[in-house]
Amino acid sequence: MIVVDARYIATATNVDGLPPPAFPEVAFAGRSNVGKSSLINCLVERNKLVRTSNTPGQTRGISIFRLELKNATARATIDLVDLPGYGYAKRSKHERKSWGPMIEGFLEQRVGLCGVVIIVDARRGVEEEDDQLLEYLAHIGRPTLVVATKLDKLTKSERAPRLAAITQQAGIKPLGVSAETREGRDVLFARVLELADVGP
Ligand code: GTP
Ligand code: MG
């Protein structure tokens, strides 16, 4: 499948504020500034669909982006969901307190959600909050994919040991990617389509 159109649909701070699910959804979660929004842009092959920033805490609400896809014989539509990052100490107390219920509410209640991509920094590996999220997703039974991003920041010889460490920490083999060089993009895209149960 290739992306023929990608557009922004809506942002909200809780499930009730979002339009009802219309298409299979795959959500992107991870620490603040890890590169969630950049990775969505890389996947949809639009540089500026989702706002990214050097400053952590850029994405504050839950945002939905709709992708129209096609291949030689079929068409499909899927929604990608950008979630605000966790672990950003400089958020206000109120924001930090509301993050848990906002994200957990979405992950638990959203009917159209087919899977969750947890993004970790390839250099830092699985940190405490990633681990909590992995456990939570296993607990509520959501299919999960682990992605190690910013692979371009590692040397060739650093990669295998870092990825092996993440496999050990997460209990799932991560997919190594870079939004910067687009390495791993096609494999990740195929896995996202699989999660959404859309053909190749
Ligand atoms: P929040 O919305 O604040 O949670 O951040 P985010 O996870 O959406 O991160 P975002 O995509 O905004 O990227 C944060 C910073 O990391 C930006 O400066 C990006 O340019 C940079 N970045 C993202 N992905 C990569 C990557 O694969 N390689 C490199 N070198 N930099 C990246
Ligand atoms: Mg973001």
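Residue indices begin from 1 for each chain and proceed along its sequence in written order. For this description, chains carry letters from A and ligands carry numbers from 1, given in the order in which they are written. Selection of residues for local features in this predicted model requires a pLDDT of at least 70, selection of side-chain atom pairs for listing and counting requires 80 or more, and totals for whole chains, interfaces and linings are taken over all residues. Derived side-chain values reflect all non-hydrogen atoms in the structure, with water molecules and hydrogen atoms excluded from consideration.

1. A word on the pairing of strand S6 (residues 144–149)
Each residue is placed in one exposure class: buried if its accessible area under a 1.4 Å probe, protein chains only, is under 20% of its type's maximum, exposed if it is over 50%, and partly exposed if it falls in between. Put simply, DSSP H or I for four residues or longer makes a helix, DSSP E for two residues or longer makes a strand, and each gets a number counted from the N terminus. Where burial is concerned, most of S6 is hidden: 5 out of the 6 residues are buried. As defined by bridge partners, strand S5 (residues 113–121) adjoins S6 across 6 bridges and the pair is classed as parallel. Bridge pairing in S6 places Ile 118 opposite Val 146. Read as a crossover between parallel neighbours, the route from S5 over helix H3 (residues 128–140) to S6 is right-handed. Two strands are said to pair when DSSP picks up at least two bridges between them. By the bridge criterion, 2 bridges tie S6 to strand S7 (residues 175–176) in an arrangement that is parallel. The residue of S7 that forms the bridge with Val 147 is Leu 175. With its strands directed away from the observer, a crossover is right-handed exactly when the path from the first strand over the helix to the second travels clockwise. You can see the chain leave S6, run along helix H4 (residues 156–170) and come back into S7, and the turn it takes is right-handed.

2. Points about the sheet that holds strand S4 (residues 75–82)
The strand order across the open sheet built from 7 strands is S1-S3-S4-S2-S5-S6-S7, with neighbouring strands paired in mixed fashion. In the strand order of this sheet, the two ends are held by strand S1 (2–12) and S7, each with one partner. Relative to S4, strand S2 (residues 25–30) runs parallel, the two sharing 4 bridges. Paired with Ala 27 across the two strands is Val 81, which belongs to S4. Residues count as neighbours in contact if any of their non-hydrogen atoms are within 4.5 Å of one another. To get an axis, a line is fitted to the C-alpha atoms, and for a helix only the part in contact is used. The angle between two axes follows their N-to-C directions and goes from 0 to 180 degrees. Running at roughly 165 degrees to S4, helix H1 (residues 36–44) makes contact with S1, S2, strand S3 (62–70), S4, S5 and S6 of the sheet. Together, S1, S2, S3, S4, S5, S6 and S7 form the strand contacts of helix H5 (residues 185–195), whose direction differs from that of S5 by roughly 150 degrees.

3. Here we look at the pattern of salt bridges
The rule for a salt bridge is simple: a side-chain nitrogen of Lys or Arg has to be within 4 Å of a carboxyl oxygen of Asp or Glu. Applying the stated criterion across every chain yields a total of 11 salt bridges. Put simply, Arg 185 and Glu 45 hold a salt bridge, and the shortest N to O gap is 3.4 Å. Of this pair, Arg 185 sits in helix H5 while Glu 45 sits in the loop between H1 and S3, and the two are 140 residues apart along the sequence. Residue classification places Glu 45 among the partly exposed residues on the basis of a relative accessible area of 43%. Its salt-bridge partner being Arg 159, residue Glu 183 comes within 2.8 Å of it at the nearest N-O pair. With Glu 183 in the loop between S7 and H5 and Arg 159 in helix H4, this pair connects stretches of sequence that are 24 residues apart. Residue classification places Glu 183 among the partly exposed residues on the basis of a relative accessible area of 33%.

4. Points about the nonpolar core
To form a nonpolar core, buried Ala, Val, Leu, Ile, Met, Phe, Trp, Tyr and Cys residues must be joined to one another through side-chain atoms within 4.5 Å. Ranked by internal contacts, the top residues of the largest apolar core, which has 31 residues, are Leu 83, Phe 106, Leu 107, Ile 118 and Leu 133. In terms of residue count, the dominant contributor to this core is helix H2 (residues 93–109) (5 residues). Discounting chain neighbours no more than four positions away, the residues touching Phe 106 are Val 15, Leu 18, Glu 25, Ala 27, Ile 62, Val 81, Leu 83 and Leu 113. Core analysis: the next-biggest nonpolar cluster, separate from the first, contains 30 residues, Val 117, Leu 188, Leu 193 and Leu 195 among them.

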